[in-house]
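Structural description and commentary
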Amino acid sequence: MFNRFKLACYVRKNMHCGVKIPFYAFYSSGVSGPASGSGSGSETDWQSLLKPFDLEELRKSLSRITPFQLRKLLELPLDVSTSLEIFQWAGTQKGYVHTFDVYYTVIDKLGAANEFNVVDRLLLQMKEEEIVFKESLFILIMKHYGKAGLPGQATRLLLDMRKSFSCEPTFKSYNVVLGILVAGNCPEVAPNVFYDMLNKGISPTVYTFAVVMKALCSINELDTACSLLRDMTKHGCVANSVVYQTLIHALAKVNRVNESLKLLEEMFLMGCKADVNTFNDVVIGLCKVNRIHEAAKLVDRMLLRGFIPNSITYGVLMHGLCRTKQVDEAKALLDKVPEPNVVMFTTLIDGYVKCGQLDAAKDILTNSMLSVGCKPNVYTYNILISGLCKKGFLVSALELVKEMESKGCLPNTITYTILIDGFCKKGHLKEAHDIVDEMSVRGLRLNTVGYNCLICALCKNGNICEALQLLSDMSSRGCKPDIFTYNSLIHGLCKVDQMEEALGMYRDMLVEGVLANTVTYNTLIHAFIRKGAIRDAVRLVNDMLFRGCSLDEITMNGIIKALCNDGAVDKALGFFEEMMGKGLDPHVVSCNILINGLCRTGKVHNALEFLRDMIHRGITPDIVTYNSLIHGLCKMDRVREALNLFDKLQGEGISADAITYNTLLSSQCKAGMLGEAYELVSRGVANGFIPDDVTWYILVKNFTRQHENSGDI
């Protein structure tokens with residue numbers, strides 16, 4: 001009882017004199033200890049008394065508490081439930097009314113604890129008690145909503161301020177909400193809040209514009225963001241560095257580099273200070289669109305203005321030079337870099353490797369890097385090893401692996417995968433398996449790419465059983481097969497004519513959740529076409545389209561050609577129309593196959609109608625189209641119509657080839673029209689036609705026969 005009395009006296013004394021009570025770390029479960037000692041030896045007594053906080057004793061000890069005293073008490077680190085009990089108890093005192101400051105303090109504590117339902121009730125209580133609301137209270141609650149990840153609630157409160165609580169929001173409230181929306185990943189709402197602010201006649205600040213521009217840029221509304229820059233002066237605002245940097249970054253990111261350059265110039269004219277990151281944004285943008293020399297000039301301007309380019313500046317510029325095959329310029333730039341790092345050297349080595357200059361890349365690795373004390377890492381070595389393997393220098397690649405190990409850089413799974421891929425592509429499967437064994441000794445496992453290299457090589461060699469065993473091994477080791485794995489196996493099975501097994505593999509991959517792609521379907525469809533199983537091929541095409549995989553021109557033409565070769569031209573036409581109905585774009589090659597098929601089966605009239613139809617569809621016929629039709633007409637002894645078609649193609653600007661002339665000449669000679677045949681050749685030669693061996697054979701043979709028949713030698 002003595003301890004409780006001691007606490008009550010201590011609290012009363014401190015409340016009356018306005019001195020803050022020493023800080024105790026209160027928790028809902030009790031007290032963990034004093035955060036700042038009072039120097040007395042009674043800390044244990046305080047702790048035992050405040051476990052839990054005895055509100056009854058406090059009520060008995062304090063005959064009356066003022067709002068000022070209550071606020072001081074609520075500022076103590078008491079848990080939320082205790083603070084609410086004290087707040088509610090104080091409100092029951094006769095003649096007592098909570099002040100705005102008391103509400104502010106308790107709402108702050110509730111907001112920090114995400115007790116927003118209680119906050120809403122207290123706001124209504126304040127309204128009932130006719131307490132004058134201040135904007136600072138709403139800003140406080142908005143910030144708590146922001147910290148709790150509730151930007152929508154912060155926006156709601158902004159709208160409710162005037163309507164529900166008769167408190168006029170100023171630019172401060174709008175700025176807080178705009179910041180919360182952008183930080184809370186709701187940038188699309190920010191412009192609406194901004195325009196509401198303008199409609200209410202509230203003048204925005206520079207910060208307002210900066211936040212709204214950032215929101216607009218993040219939702220790709222760059223034109224609107226740039227227009228706001230011009231509107232700032234109408235509202236008495238002058239753009240600062242943040243505004244310009246936001247716009248420059250966004251414009252450069254979407255390759256609108258000219259605009260970002262103009263804004264950079266404007267930024268300097270307006271007296272705004274740029275930083276290295278601003279320059280880097282423009283340098284990155286210029287390099288992305290291969291304007292490397294302009295980027296280099298901008299770096300020179302950085303230096304003239306007293307800015308020191310950082311590793312990102314040099315790295316991006318070097319990457320741009322290497323990507324555009326200007327590796328010697330990249331090396332010259334690297335020589336000027338004050339402190340080159342391993343990333344820059346790796347970029348340069350990658351550039352030399354891609355240009356096929358492996359000796360230069362090796363020289364950078366072994367000499368240049370060491371001369372500046374820069375140690376190559378495993379990624380640096382992997383790039384050069386990959387280059388050697390792609391060129392077929394597998395022995396040199398193995399020697400480089402030994403060299404990297406001798407220098408304390410251990411090869412990783414990617415290193416070994418590169419080697420496996422190199423040996424597999426050369427067909428050296430034994431060496432590839434030796435590398436797999438070495439990986440196992442070092443405690444490394446094959447990844448999916450490594451397995452794919454081996455499976456692909458085995459399938460190409462016809463070792464399907466071994467490839468299937470690797471698939472089983474792959475799954476048992478927790479390595480998930482991907483689309484490349486299944487495509488290699490399906491191709492291998494189709495190659496050895498195991499179509500049922502290939503279809504089974506196709507079904508297995510779908511069950512495993514691996515989506516078949518165009519390569520998968522094309523492999524199976526063309527295998528069925530080769531077997532003459534057109535119905536199965538068409539069934540797969542329908543399955544392909546049903547699963548959302550686009551049918552390419554090669555596959556479509558393959559099926560049409562197979563049907564035409566089989567004499568099923570009507571089915572080929574039906575398939576073509578069906579594909580058009582499913583939204584596939586018609587192609588001249590497909591049309592040519594169909595026209596050729598119709599002409600071969602004597603349906604020249606239908607072929608001519610199809611020609612008109614294809615022109616109506618917007619497909620321009622080529623010389624192959626006309627050659628098929630001319631051949632079909634000549635085959636049916638309709639030479640005059642064929643010659644009319646010949647004149648038409650010349651009128652359309654299509655140059656006739658040797659096949660066109662030879663087809664017409666052969667038909668004319670057969671019909672005894674030798675004079676017209678001679679005239680056709682003469683006209684063709686005058687127009688640039690060069691007769692081939694077949695042309696001369698047709699003419700000589702038929703003119704000789706005519707002379708023989710007439711008795712002339």
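Residues numbered from 1 in each chain as written. Predicted model: local features only at pLDDT ≥ 70, side-chain atom pairs only at ≥ 80, totals over all residues. Heavy atoms only, no water.

In this section: the nonpolar core. One broad trend across soluble globular proteins is that nonpolar side chains are buried collectively. Formed by 236 residues in total, the largest nonpolar core has its most connected members in I107, L123, M142, I385 and I420. A per-element tally of this core places helix α12 (residues 206–218) first, with eight residues. Apart from the residues within four sequence positions on either side, L123 is in contact with I107, F133, L137, F138, I141, L157 and F165. (Core = buried A, V, L, I, M, F, W, Y, C linked by side-chain atoms within 4.5 Å. Buried < 20%, exposed > 50% of the residue type's maximum accessible area, 1.4 Å probe, protein only. Helix = DSSP H or I, 4+ residues; strand = E, 2+ residues; numbered from the N terminus. Contact = heavy atoms within 4.5 Å.)

Below, the discussion takes up helix α18 (residues 311–323). If you check α18, its first and last C-alpha atoms are 18 Å apart, about what 13 residues at 1.5 Å a residue would give, namely 18 Å. All of the buried residues along α18 are T313, Y314, G315, L317, M318, G320, L321 and C322. Tucked inside the fold, the buried residues of α18 contact α16 (276–288), α17 (292–304), α19 (327–336) and α20 (342–354). Taking the backbone nitrogen of I312 as reference, a side-chain oxygen 3.1 Å away marks N310 as the first, capping residue of α18. (Expected span 1.5 Å × (residues − 1). Polar contact = N/O pair within 3.5 Å; in protein donor to acceptor, adjacent residues only side chain to side chain.)

Tallied over the full model, the rule gives 14 aromatic pairs. Taken together, the ring pairs in this structure connect F133, F138 and F165 into an aromatic cluster. For the cation-ring pair, R305 lies above F268, with the distance from its terminal atom to the ring centre recorded as 3.7 Å. (Phe/Tyr/Trp six-rings, centres within 6.5 Å; stacked < 30°, edge-to-face > 60°. Lys NZ or Arg CZ within 6 Å of the ring centre and 35° of its normal.)

Axis angle and axis distance: for two packed helices, these are the angle between their axes and the distance between the axes, and together they describe the pair. Packing of helix α13 (residues 222–231) against helix α14 (residues 241–253) brings their axes to within 11 Å, and their N-to-C directions diverge by 155°. Our classification of the angle between α13 and α14 gives roughly antiparallel. Where α13 crosses over α14, the two elements pack in a sense that is left-handed. Here L222, A225, C226 and L229 of α13 come into contact with α14, specifically with V243, Y244, L247, A250 and L251. Partitioning the contact of α13 with α14 into residue classes produces nine nonpolar, no polar and no charged. (Axes fitted to C-alpha atoms, helices over the stretch in contact; angles between N-to-C directions. Parallel < 35°, antiparallel > 145°, perpendicular 65-115°, else oblique. Left-handed = near helix turned anticlockwise from the far one by under 90°. Nonpolar A, V, L, I, M, F, W, Y, C, P; charged D, E, K, R; others polar.)

All right, on to the packing of helix α7 (residues 116–128) against helix α9 (residues 151–165) then. Close contact between α7 and α9 brings their axes to 12 Å; oriented N to C, the two are set at 20°. By the angle class used here, α7 and α9 are roughly parallel. The element α7 and its partner α9 pack so that their crossing is right-handed. Facing α7, whose interface residues are D120, L123 and K127, α9 presents R156, L157, S164 and F165.

Position of L410 among the secondary structure elements: in the loop between α23 (394–406) and α24 (413–425). Judged by its relative accessible area of 59%, L410 falls in the exposed class. Residues L410 and V378, spaced 32 residues apart in sequence, show a C-alpha to C-alpha distance of 7.1 Å. When residues no more than four places from it in sequence are discounted, the contact partners of L410 are V378, M404 and R442.

We now examine the environment of V327. Mapped onto the elements, V327 comes out in helix α19. When its relative accessible area of 2% is taken as the criterion, V327 is described as buried. With residues up to four places along the chain from it excluded, the contact list for V327 reads L321, C322, L348, G351, Y352, C355 and Q357.

Looking now at the pattern of salt bridges. Taken as a whole and judged by the stated rule, the model has 28 salt bridges. In this structure, R162 engages E168 in a salt bridge whose closest nitrogen and oxygen atoms are separated by 3.0 Å. Of the charged contacts, one joins K234 and D231 as a salt bridge, the two residues approaching to 3.3 Å between their closest N and O atoms. Classification of K234 by relative accessible area gives exposed; the value is 66%. Among the charged side chains, a network of salt bridges with common partners joins D120, R156 and D160. (Salt bridge = Lys/Arg side-chain N within 4 Å of Asp/Glu carboxyl O.)

This part takes up the side chain of Q69. For Q69, the position within the fold is in helix α4 (residues 67–74). Within the structure, the side chain of Q69 is placed 2.9 Å from the backbone nitrogen of T66, a separation counted as a polar contact.

Moving on to unusual backbone geometry. Backbone geometry at N185 places phi at a positive 60°, although glycine is not the residue there. In this fold, N185 is placed in the loop between α10 (171–183) and α11 (190–199). Despite not being glycine, N220 has its phi angle at roughly 60°, a positive value. Relative to the elements of secondary structure, N220 occurs in the loop between α12 and α13.

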